[in-house]
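If you want the building blocks of each chain, they are given just below.
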Amino acid sequence: MLTAVRPKLRPAVKKVLIVAAFWAVVGAFLSVAAARNGYFDLKVYYGAMDYWVNRGGDIYDYLVPGTPYGFTYPPFAAALMTPMAYIGWHTAITVSVVMNVLALLAILTWIVGPVIKRQGWQFWFAMALAFGLVAAFEPVRETVNFGQVNILLLFLVVGDVLLLVRGGSRLGGIGIGLATAIKLTPGVFIIYLLVTRRWRAAAVSAATAAAATWVAATFAPDASRVFWTDAMWNTDRVGSPSFVSNQALSGLVSRLFNPDPMKPLWLLLVLITLVVWAWRARRAIKARDELAGLALTGLMGCMVSPISWIHHLVWVLPSMAVLFDYATDKSIDPRRRRNLAIFGGFAYLLLCSRTPWAFHEKFDGLGLIGGNAYILLMIGLLIGLPIREPADASTGPARSADPGHSTGPAVEDVPDLVEIDRRVRAAFDAKDAGAAVGGKPGDGVAPSRPLVGA
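Residues numbered from 1 in each chain as written. Predicted model: local features only at pLDDT ≥ 70, side-chain atom pairs only at ≥ 80, totals over all residues. Heavy atoms only, no water.

Per an unreviewed UniProt entry, the chain goes by the name DUF2029 domain-containing protein and belongs to Dactylosporangium roseum. The UniProt entry for the chain carries this comment under Subcellular location (unreviewed entry): "Cell membrane". In its Sequence similarities (unreviewed entry) section, UniProt records this for the chain: "Belongs to the glycosyltransferase 87 family." (UniProt positions renumbered as here; feature names shortened; annotations may be inferred.)

Novice: Can you lay out the packing of aromatic side chains for me, pointing to particular residues and giving the numbers?
Specialist: In total, this model carries 19 aromatic pairs according to the counting rule given. Consider the rings of Tyr 60 and Phe 71, whose centres lie 6.1 Å apart with planes at 50°: the pair is tilted. Taken together, the positions of Tyr 60 in the loop between helix H2 (40–54) and helix H3 (75–81) and Phe 71 in the loop between H2 and H3 put the pair eleven residues apart, joining distant regions of the chain. Across this residue pair, the class does not change: Tyr 60 and Phe 71 are buried. Against the face of Tyr 192 rests Arg 198, its NZ or CZ located 5.3 Å from the ring centre. When the ring centre of Tyr 326 is taken as origin, the NZ or CZ atom of Arg 388, which lies over that ring, is 4.0 Å away. (Phe/Tyr/Trp six-rings, centres within 6.5 Å; stacked < 30°, edge-to-face > 60°. Helix = DSSP H or I, 4+ residues; strand = E, 2+ residues; numbered from the N terminus. Buried < 20%, exposed > 50% of the residue type's maximum accessible area, 1.4 Å probe, protein only. Lys NZ or Arg CZ within 6 Å of the ring centre and 35° of its normal.)

Novice: Lay out helix H15 (residues 290–304) with the relevant residues and their values.
Specialist: For H15, which comprises 15 residues, the first-to-last C-alpha distance of 21 Å matches the rise-based estimate of 21 Å (1.5 Å per residue) to within 8%. Within H15, 15 of the 15 residues are buried, leaving the element largely enclosed by the surrounding structure. (Expected span 1.5 Å × (residues − 1).)

Novice: Just give me the short version of unusual backbone geometry, but keep the residues and values in it.
Specialist: Across the chain, the bulk of peptide bonds are trans and the bulk of non-glycine residues have phi less than zero. The phi torsion at Arg 197 lies on the positive side, around 60°, for a residue other than glycine. Note on placement: Arg 197 falls in the loop between helix H10 (188–195) and helix H11 (199–219). The backbone phi angle of Arg 354 is positive, close to 60°, even though this residue is not glycine. Structurally, the position occupied by Arg 354 is in the loop between helix H17 (334–350) and helix H18 (367–370).

Novice: With reference to specific residues and values, describe the pattern of salt bridges.
Specialist: Using the criterion set out here, one finds seven salt bridges in the structure. A salt bridge links Arg 354 to Glu 142; the nearest nitrogen and oxygen atoms lie 3.7 Å apart. Here Arg 354, found in the loop between H17 and H18, pairs with Glu 142, found in helix H7 (residues 138–146); they are 212 residues apart in sequence, far enough to count as distant. On the basis of relative accessibility, which here comes to 2%, the residue Glu 142 falls in the buried class. Across the pair Arg 388 and Asp 325 runs a salt bridge, and its minimum N-O distance is 2.8 Å. Taken together, the residues span a long stretch of sequence, with Arg 388 in the loop between helix H19 (373–384) and helix H20 (415–437) and Asp 325 in helix H16 (residues 317–327) at a distance of 63 residues. Each member of the pair, Arg 388 as well as Asp 325, carries the same accessibility label: buried. (Salt bridge = Lys/Arg side-chain N within 4 Å of Asp/Glu carboxyl O.)

Next up, the structure:
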């Protein structure tokens, strides 16, 4: 009796089907979990540009109708956004989404690509899955749905740190400077360069930010004067620090002691955070682990900022990449790798879960944890994010800070082989010397050379 044999699917077809099924699950999750923010922040930018360019108003006087929210970024950001005044609303949405998607692809290539290469995975397949995971990440989906600029700023900083600064380029620091001129908070990366003693890159960052600010002041002197003397200090335009979406240290303190946020306690927590960050960041750079230094600085920036809405937490993405790197690195002790994989999985799922929103205005009891879940996680990451051992560490083989490149042990790292090599060479040298004295055919013997590491 003959039985029909089902034709096997080709590996490429299987992978396409896996990606399609995975993205169907991601799409279903987003349809349920993603907040419909209506591109509200993009609406602020769009309306402010129209009010400023087309109607001749002061950009910092504009408020979205029926709300207290207006344009809060420096004039350099306004100058970059002026093309919005000449395009339609739906075109602005399309441009915002496309720019965010392209920036995310570049960021993933820089922070996850080396891991994919090290593991030998097919690049397009692994990136398709990684992009789906990132799309479900709450800060990312919030940024896209708000029409925010966070991902674009992350793109500038990550590209600068991992490509230019780490590579020793004379342009290292330029991306950080531009990001700082667009929105002041990336300025913490200038401090990062100073703390880790990359003086030239820090100078380039500061000079770039200053030059961009000067250009904006030349382009829009009135707007620059208003921003630096008034709008920058007007915190009422941003929102209440006790709002559950504020997952900075200020939000934690405000919710614990609402309505009196106890600013001295907040300042103390900020100081402790800066000390812990500086210690760990310097340790990361001493070990040449630039990704860990970048991740720690992103965490610190979110924590010490007066306001860090949940969509600002895209700066936690490099920390997720560090944990993913460790969880897939077979050179690490299996138990530690398993523990880091569990912690990384928990951190990722928590940051997809919208947990703080479930405790909106319920800051007692379990709400103390749930309402502050993301800031508590960032505190844990700042303290416990793994850092590679220094390249000159005496224990274990050295490993490059680039997760895509692993170096094996040098001969000097294996003392037993070095000792054997020394003894064997000594024996051959003695034999050659005896042959030369006795006049026997030893004169033509080739000079001795190391047997190990030759």
